[in-house]
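Descriptive structure summary
Chain by chain, the residues:
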Amino acid sequence: MGDWNEDKFLEDAVNIQGETESLLRLAYPNSRIKVKLFSHKRDLDEQNELVQSGASKSSISLHNFGAAVDYQIFIDGKYQQAKTEKTLRPYKILGGVAKKYNMFWGWDFDSGHIATHRFVSDFLLDHPKEANKESVKDWYTMNADTTKLSYKPTMNVLD
């Protein structure tokens, strides 16, 4: 697919935010709607902190490449946590908009997450220059001997 264009991705993410708000206003008439884009790019140290705190299970993420964003949805000032079918419903609308942009939606287990790909390994295959970044090489070196089997596809791309 060539060079990674983070600016285009972020532009699409903002458009997804706006379109989702518009659709939610139709789905929830007479309600105050706010879709907040709250997390975009983070470095590997931040990613590690999230793993240590239990907020993430992955030591490398599409967020580390600026290829993922997280959203929070508020209806009448209440954060929709996506823990019940009722509070997941707005995120299904978000997911539908994201799919229109050919994005991956994190389903019910990570309902506010939108990314270019489901897996880091797929992203790296499509954008091989990103695999040559110093931070990615450092991650590989730190994890080459101890990483979980679930990282094997990413490790294979980086080999």
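That block above? That's the structure.
In short, a report on the structure. Since we're looking at a predicted model, the values are computed, not measured.

Side note on helix H3 (residues 85–100)
For H3, with 16 residues, the first-to-last C-alpha span of 22 Å sits near the 22 Å given by 1.5 Å per residue. Of all the positions in H3, only Thr-87, Leu-88, Pro-90, Tyr-91, Ile-93, Leu-94, Gly-95, Val-97 and Ala-98 are classed as buried. Tucked into the core, H3 has its buried residues touching helix H1 (6–27), strand E2 (68–75), strand E3 (78–79), strand E4 (104–105) and strand E5 (113–115).

A word on the layout of surface pockets
A probe as big as a water molecule, rolled over the atoms, marks out the empty space that is left. In this model, the largest pocket occupies a volume close to 1300 Å³. Contributing to the lining of the largest pocket are 38 residues, with Ser-56, Lys-57, Ser-58, Phe-109 and Asp-110 lying nearest its centre. Secondary-structure elements contributing two or more residues to the lining of the largest pocket are helix H2 (44–53), E2, helix H4 (120–126) and helix H6 (152–158). If one sorts the elements of the lining of the largest pocket by residue count, E2 sits on top with three residues. Along the lines of polarity and charge, the residues of the lining of the largest pocket split into 15 nonpolar, 15 polar and eight charged.

Some remarks on the pairing of E2
On a regular strand, each side chain points to the face opposite its neighbour's, so the side chains alternate between the two faces of the sheet. With respect to burial, E2 is a largely interior element, seven of its eight residues being buried. As judged from the six bridges shared by strand E1 (residues 33–39) and E2, these two strands associate in the antiparallel manner. Bridged to Val-35 within E2 is Ile-73. Across three bridges, the pairing between E2 and E5 is antiparallel. If you follow Asp-70 over to E5, its bridge partner there is His-113. Pairing of E2 with E3 involves two bridges; the strand directions are antiparallel. When the bridges of E3 are listed, Phe-74 appears paired with Tyr-79. Between E2 and E3, which pair antiparallel and follow one another directly, the connecting turn spans two residues, one of which, Asp-76, has a positive phi of 50°.

Quick word on unusual backbone geometry
Positive phi outside glycine occurs at Asn-30, with the angle close to 65°. In this structure, Asn-30 sits in the loop between H1 and E1. One non-glycine residue, Ala-82, adopts positive backbone phi at about 60°. Mapped onto the secondary structure, Ala-82 falls in the loop between E3 and H3.

Focus on the pattern of salt bridges
Taken as a whole, this structure holds seven salt bridges when the rule is applied. A salt bridge links Glu-21 to Arg-25, with the shortest nitrogen-to-oxygen separation between them at 3.5 Å. Here the residue Glu-21 and the residue Arg-25 both occupy positions in helix H1, the gap between them amounting to four residues, near one helical turn. Given a relative accessible area of 43%, Arg-25 falls into the partly exposed group.

A few points about the nonpolar core
Core analysis: the biggest nonpolar cluster contains 39 residues, and Ile-16, Phe-65, Tyr-71 and Ile-114 have the highest contact counts within it. Within the residue set of this core, elements represented by two or more residues are H1, E1, E2, H3, E5, H4, helix H5 (134–143) and H6. If you tally residues by element for this core, the top one is H3, at six residues. With sequence-adjacent residues up to four places away left out, Ile-16 is seen in contact with Tyr-71, Leu-94, Val-97, Ala-98, Tyr-101, Met-103 and Ile-114.

As for the side chain of Gln-17
For Gln-17, the location among the structural elements is in helix H1. Discounting residues that sit within four places of it in the chain, Gln-17 has contacts with Val-35, Lys-36, Leu-37 and Tyr-71.

The rules behind each value
The written sequence of each chain sets the order in which its residues are numbered from 1. The predicted origin of the model limits local features to residues at a pLDDT of at least 70 and limits the giving and counting of side-chain atom pairs to 80 or more, whereas totals for whole chains, interfaces and linings rest on all residues. Computation of side-chain values covers all heavy atoms of the structure but excludes hydrogens and water. Helix and strand definitions here come from DSSP, where helices need a minimum of 4 consecutive H or I residues and strands a minimum of 2 consecutive E residues; each element is numbered from the N-terminal end. By this rule the span expected of a helix is its residue count minus one, scaled by 1.5 Å. Accessible area is worked out with a 1.4 Å probe on protein chains only. A residue is then buried under 20% of its type maximum, exposed over 50%, and partly exposed in between. Should any heavy atoms of two residues lie within 4.5 Å, those residues are considered in contact. Think of a 1 Å grid over the protein atoms and nothing else: a 1.4 Å probe that fits but is trapped marks a cavity, an open set flanked by protein within 12 Å on at least five of seven lines marks a pocket, and residues with an atom within 4 Å of a point count as lining. Grid points are joined across faces, edges and corners, and a volume is the space filled by probe spheres set on the points. Under the convention adopted here, Pro, Cys and the residues Ala, Val, Leu, Ile, Met, Phe, Trp and Tyr are nonpolar, Asp, Glu, Lys and Arg are charged, and Gly plus all remaining residues are polar. Strand pairing is assigned whenever DSSP identifies at least 2 bridges connecting the two strands. Salt bridges are defined as contacts in which a side-chain nitrogen from Lys or Arg sits within 4 Å of a carboxyl oxygen from Asp or Glu. Put simply, buried Ala, Val, Leu, Ile, Met, Phe, Trp, Tyr and Cys residues joined by side-chain atoms within 4.5 Å make one nonpolar core.

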